Amino acid sequence: MHYIDALNDKQKEAVFHLGPPLLILAGAGSGKTRVITTKIAWLIQEKGYDPRSILAVTFTNKAADEMKTRVLSMVDGAENVMIKTFHSFGAWLMRRNSHLLGLPPRFSIYDDDDMVALLKTVLKTVVKEKITAQNLRWIASSISRAKDKCLTPDDDLSAIDFDKSFHIKYRAYQSRIEEMGCADFGDLIMRPVRFLRENPQVKKRLQQRFTVILVDEFQDSNRAQFELLKEFYYEDNYLCVVGDEDQSIYSFRGAEVQNIVEFPKIFPGTKVIMLEQNYRSTGNILKLATKVVEHNEYRLGKNLWTKNKNGDLPVLYQASDQDEEALFCAHLLKDGNFNGTAILYRNNYQSRAFESLFIRLRIPYRIVGTLRFYEREEIKDILAYLKFLVNMKDEVAFTRIINKPPRGIGGKNQEKIKTSPGNDYLEKSKNILPELSKKIKDNLVYFINVIEESLRIIESHEPGEVVQQLIFRSGLYDHYKEKDKNDNTMKLQNLEEFVNATASYPGGMEGLALFLEATLLDSSNENPYVSEEKVTLITVHNTKGLEFDRVILTGLEDGLFPHLSHSDFRDDNDIEEERRLFYVGVTRARKELYFTCCIKRLVFGQYISQYLSRFLSEIPRDCLQPFHSIKAESGQYFSRGDRVSHPEYGTGTIDRRWDNDDEEMVIVRFDSGRYLQFITGYSKLEKLQHS
DNA sequence: GTTAAAGGATTTTTT
DNA sequence: ATCCTTTAAC
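Values in this document were obtained by computation on a predicted structure and should not be read as measured data.

**Here we look at the packing of aromatic side chains**
In step 1: Across all of its chains, the model carries 31 aromatic pairs by this definition.
In step 2: Ring centres of Y505 and F515 lie 5.2 Å apart, and the angle between their planes is 75°; this geometry places the pair in the edge-to-face category. A residue pair is termed long-range when its members are at least 10 positions apart, and Y505 in the loop between α25 (491–501) and α26 (508–521) and F515 in helix α26 qualify at ten residues.
In step 3: By relative accessible area, Y505 is classed as partly exposed at 24%.
In step 4: Take F515: its relative accessible area is 5%, and that puts it in the buried class.
In step 5: A network of ring pairs unites the aromatic residues F218, F226, Y233, F263 and F267 as a single cluster.
In step 6: For K204, the ring lying beneath its charged end belongs to Y234, and the centroid distance is 4.3 Å.
In step 7: When the ring centre of Y250 is taken as reference, the NZ or CZ atom of R253 above it lies at 4.4 Å.

Okay, structure coming up:
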């Protein structure tokens, strides 16, 4: 097998191992995905495993997709290998056994916002105290954390929430969500665990089917996920987990580093293989990363090394504030290497300074992570309509759509509908009709007709057709057309894109349910425009698994990165996780690494003095070099009346010229009639000779 | 029940 | 600085 030759000795050892459980500790950039995919190919091709008996679990859809693609290219029959995220695997298991779980086969999946919306209605009847939106978020997150640990309302929840009545709220929420035939993210793991414990025959069948289980990014697994794994595992089967304890960065979501660190103790006889050769970064970048992460105590410890050349020393640039920090990035980007560059930050909101500058300078960028497509208001609206079609007991979906667009059916009337008799919200709506005033009644009848018409055509039409009709008939189209005009948004366009997204799905209820599941579980927000040259703006968390020629790690200020919002509650574990996050950021870089920090920063509209990140002081002197001012390079290049040319906008004349903060600014009147402003030092303007 | 103004909270990180 | 929720007016 030729693809084996591409591996180093340790990687080969990992691929060829069989027998007791295997823990692969794979350092950053050590070729871990290659090892897993090769292992799958080897098992099928050389060891004769049935592809159907192999289960590979990842954390993100992106990782799952990549693994699928790579395995498919290596071996025939690989489409039968089950490669899924933990959550989609849980959903798969629950759908197959929905009858035993007391769920409808097409149960709907609730995201965090849906959880909050449901809690809001549930808690009204359970507690007297006033619940604010923040309280709701807190409780929702406590419920998620409890589920991450596989804890039910009957278990001891004191470690989750101080609130003595938390278990009451949790119980009320849980019985309501089950009654409606819905499941939140946490349920997708916890319910399968409990289900397998109570149904040994089903468990046995699954154990017989999946004789090989591989888990990627194991350092980010939570307890429930570990429990699920334990339910699956038995001695005759093969279990292989891959991860890097130094890259465990999701404890806020319930991930427990202990899972990987203690793995050999929990599975005695575990074989441990370390992949320590790094293929990604230069020697200097790797050394810096290693030196900083060595400050962590809770780790197994690896010694990363590389055959790559040392490369340039990483650079530190101290900016006066976030705007100058952005200017520095723009300065580096003058070389035009957009695709190869990523600007990393700790918090999403930090992207703003970069965005506003890059728009002005016309530097092309893409933002990864924020404002995901399916989280947009208009998309959630149409999704709610569809969810309601699939499951008309779904109260959250119903509440979202009943008065969207406004139909005059507000809180009072909604309450009437909810308390009227009926098995689901369509029946309830019909039954309340006689009690309503003429105007409200007409509107509700219209709504009912929209739903029933969609139900009628759903089996006989393409999904795109159904969605398109729904958008028009529900009134969302007119509603957002108006809104687009007033607020200059592009919501209609997004709805249009949504229709396109349904294209590859089969028709009917079944196809719709498939589409909804895929949409809710797939958070990937990749734009399809990869071919265009763009700088990547991204949170450090989102960079997991990515790499870039040049990385700029920004906002290296104490309190920001490491993030310390409630310093009193922070302990060593939190700092160690922040340090791991720093390590993740650093090890994304292939060739060039820059750090930036600000002396002062705009926080809630006020400038606050900042201090250097403690992580910077953990970097040995000889691993870092300072970068001196980017200014003083500018001077006067243009005068009013000069003829200029620009590669994108053509030729024009300088209309105005002035200095702003040591930067030369001009406004150009292009011959096309457009007026555009430039900072000359960052623009592609060229002076033309007068002829 | 809907719209406008004012006041208050927000900032981790996401399957 | 901006977004969101609550309150007051129509």
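Anyway, onward from the coordinates.
**As for the sheet that holds strand β2 (residues 54–58)**
In step 1: The six strands are arranged β3-β2-β6-β7-β1-β8 in an open sheet whose pairing can be described as parallel. Of all strands in the sheet, those bounded by a partner on one side alone are β3 (82–85) and β8 (271–275). With strand direction ignored, the average angle separating the axes of adjacent strands in the sheet is 15°.
In step 2: One ladder, built from four bridges, connects strand β1 (residues 22–26) with strand β7 (residues 238–243); its direction is parallel. Following the sheet pairing, L25 is matched in β7 by G243.
In step 3: Across the sheet, helix α2 (residues 9–16) is in contact with β1 and β8; its angle to β8 comes to roughly 145°.

**Quick word on the pattern of salt bridges**
In step 1: Within this structure, the stated rule accounts for 51 salt bridges.
In step 2: Measuring nitrogen to oxygen at the nearest pair gives 2.7 Å for the salt bridge that ties E578 to R346. Pair noted here: E578 is in helix α27 (residues 572–586) and R346 is in the loop between β12 (341–345) and α17 (351–361), with a separation of 232 residues, a long-range link. When sorted by exposure, E578 lands in the same class as R346, which is buried.
In step 3: In this structure, E557 engages R601 in a salt bridge whose closest nitrogen and oxygen atoms are separated by 2.8 Å. Separated by 44 residues along the polypeptide, E557 in the loop between β15 (548–553) and α27 and R601 in strand β17 (residues 600–603) bring together distant segments of the chain. The two residues E557 and R601 agree in class, both being buried.
In step 4: Several salt bridges converge on common partners, so that one network encompasses R197, K203, E227, K230 and E231.

Criteria and thresholds
Along each chain, numbering runs from 1 in the same order as the chain's sequence is written. Written order determines the labels here, with chains lettered from A and ligands numbered from 1. For this predicted model, a pLDDT threshold of at least 70 governs which residues receive local features, and a threshold of 80 or more governs which side-chain atom pairs are given and counted, while totals over whole chains, interfaces and linings are taken from all residues. Side-chain calculation: all heavy atoms of the structure are included, whereas hydrogens and water are not. Two aromatic rings from Phe, Tyr or Trp, using only the six-membered ring of Trp, form a pair when their centres are within 6.5 Å; if the ring planes differ by under 30 degrees the pair is stacked, by over 60 it is edge-to-face, and anything between is tilted. Where helices and strands are cited, they refer to DSSP runs of H or I of at least four residues and of E of at least two residues respectively, numbered from the N terminus. Exposure categories follow from relative accessible area, calculated using a 1.4 Å probe and restricted to protein chains: below 20% of the type maximum is buried, above 50% is exposed, and the middle band is partly exposed. Put simply, a charge is over a ring when the Lys NZ or the Arg CZ is close to the ring centre, within 6 Å, and near the line of the ring normal, within 35 degrees. Two strands make a pair as long as DSSP finds a minimum of two bridges between them. The angle between two axes is taken between their N-to-C directions and runs from 0 to 180 degrees, where each axis is a line fitted to C-alpha atoms and a helix contributes only its stretch in contact. Any pair of residues with heavy atoms lying within 4.5 Å of one another is described as a contacting pair. For this analysis, a salt bridge means a side-chain nitrogen from Lys or Arg found within 4 Å of a carboxyl oxygen belonging to Asp or Glu.

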